[in-house]
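Results of the structural survey
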Amino acid sequence: MLSSTASLVYGVYFLVGGAHPTQLFPEFAFDTHNSPLLLGIRKLALVVLGVYLFIRSIVRIRHCDNLIHRIKQMHSVIREFIE
């Protein structure tokens, strides 16, 4: 993955039609963007992130439901306005 400086240099040289970034930074000349191992790791990371966000959202929804239930029990005046 390119550093932010390398990305900036790549963008600047691309816009002005200068040298290709692999000529400027030979250490980035190898292609790892389509490596099956890296693609698998990225897919796994996205699945793990998705599962984490899903579980976190369910936990937060249950927490909010419990808070609403507590408010309904404590304040009878508000109870009729909260469905």
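Treat the numbers as computed from the prediction; the structure is a model and nothing was measured.

Across its full length, the protein chain carries four helices and zero strands. Its helices and strands taken in sequence order, the protein chain reads α-α-α-α from the N to the C terminus. The 83 residues of the protein chain split such that 2% are buried. Only carbon and sulfur atoms are counted for the fraction: they give 68% of the accessible area of the protein chain, which is about 7,600 Å².

The next point concerns the environment of Glu-83. Within the secondary structure, Glu-83 sits in the segment after α4 (76-79). Overall, Glu-83 belongs to the exposed group, its relative accessible area being 89%. Note: C-alpha distance between Glu-83 and Lys-72 (eleven residues apart in sequence) is 9.4 Å.

The next subject is a nonpolar patch on the surface. On the surface, a nonpolar cluster with roughly 660 Å² of combined accessible area is contributed by Val-47, Val-51, Phe-54, Ile-55, Ile-58, Val-59 and Ile-61. The topology assignment puts Val-47 in helix α3 (residues 36-74). Note on Val-47: relative accessible area 52%, which makes it exposed.

Criteria and thresholds
Residues take numbers from 1 onward in each chain, read along the sequence in its written order. Only residues with pLDDT of at least 70 are given local features in this predicted model, and only at 80 or more are side-chain atom pairs given and counted; all residues enter the totals for whole chains, interfaces and linings. Side-chain measures were taken over the full set of non-hydrogen atoms in the model, leaving aside hydrogen atoms and water. Only DSSP runs of H or I with at least four residues qualify as helices, and only runs of E with at least two residues qualify as strands; both kinds are numbered from the N terminus onward. Note on classification: 1.4 Å probe, protein chains only; a residue is buried when its accessible area is under 20% of the maximum for its type, exposed when over 50%, partly exposed between these limits. We get accessible surface area from the Shrake-Rupley algorithm with a probe of 1.4 Å; when it comes to residues, only the shown protein chains can shield them. Patch membership is restricted to residues that have no salt bridge and whose relative accessible area is over 30%. Joining uses 9 Å for like charges and 5 Å for the nonpolar side chains Val, Leu, Ile, Met, Phe, Trp and Tyr. Throughout this description, the term salt bridge denotes a Lys or Arg side-chain nitrogen within 4 Å of a carboxyl oxygen of Asp or Glu.

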